[in-house]
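Listed below, chain by chain, are the residues.
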Amino acid sequence: MTPETPDDDLVRTRSPRPRDLPQGFRAGLITAITVLLGFSLGFLRYWGFDAPGNWSELSVLPGVFLLLAILVQLIALYRALRVEDEAEEEYRKTVRWFIASAMLLLLGLTAALWEVA
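Residues numbered from 1 in each chain as written. Predicted model: local features only at pLDDT ≥ 70, side-chain atom pairs only at ≥ 80, totals over all residues. Heavy atoms only, no water.

Undergrad: Any chance you could break down the overall build of the protein chain for me, citing the residues and the numbers?
TA: Scanning the protein chain from N- to C-terminus turns up four helices and zero strands. N-terminal to C-terminal, the α/β element order of the protein chain is α-α-α-α. When the 117 residues of the protein chain are sorted by exposure, 32% land in the buried category. A separation threshold of at least 6 residues defines the contact pool for the protein chain, and within that pool the share at least 24 residues apart is 75%. (Helix = DSSP H or I, 4+ residues; strand = E, 2+ residues; numbered from the N terminus. Buried < 20%, exposed > 50% of the residue type's maximum accessible area, 1.4 Å probe, protein only. Contact = heavy atoms within 4.5 Å.)

Undergrad: Describe the packing of helix 2 (residues 25-50) against helix 3 (residues 60-81), and please don't skip the residues or the numbers.
TA: Between helix 2 and helix 3, the shortest axis-to-axis distance is 10 Å and the interhelical angle comes to 155 degrees. It follows that helix 2 is roughly antiparallel to helix 3 by the angle criterion. Taken as a pair, helix 2 and helix 3 cross one another with a handedness that is left-handed. Contacts from Arg26, Leu29, Ile30, Ile33, Thr34, Leu36, Leu37, Ser40, Leu41, Phe43, Leu44 and Trp47 of helix 2 reach helix 3 at Pro62, Gly63, Leu66, Leu67, Ile70, Gln73, Leu74, Ala76, Leu77, Ala80 and Leu81. Of the residues assigned to the contact of helix 2 with helix 3, the class counts are 18 nonpolar, four polar and one charged. (Axes fitted to C-alpha atoms, helices over the stretch in contact; angles between N-to-C directions. Parallel < 35°, antiparallel > 145°, perpendicular 65-115°, else oblique. Left-handed = near helix turned anticlockwise from the far one by under 90°. Nonpolar A, V, L, I, M, F, W, Y, C, P; charged D, E, K, R; others polar.)

In structure tokens, the structure reads:
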């Protein structure tokens, strides 16, 4: 084996370096998460405390969905702020967490609208 021609076995055993994200992807995701988190907290505050009317048994379902959405958004924000999120695979996992939080938020909003109607 010479330095110009590395051994084929050594080349095959090396794991490929994970691809880094283009500049700005993480910042965009962090912004999207914080905007959705701010909306979720604001809606929960208004719907849970400031809106007229009394709580009923049906009010628990939207409240649970909204709290779960906020929890998953916080997890997504934590993941997005980690240095490891520069790797493409970690970024994809964080985006999945964010999408799951958005779906939980939509379920909570739909349940809140259904409960009011």
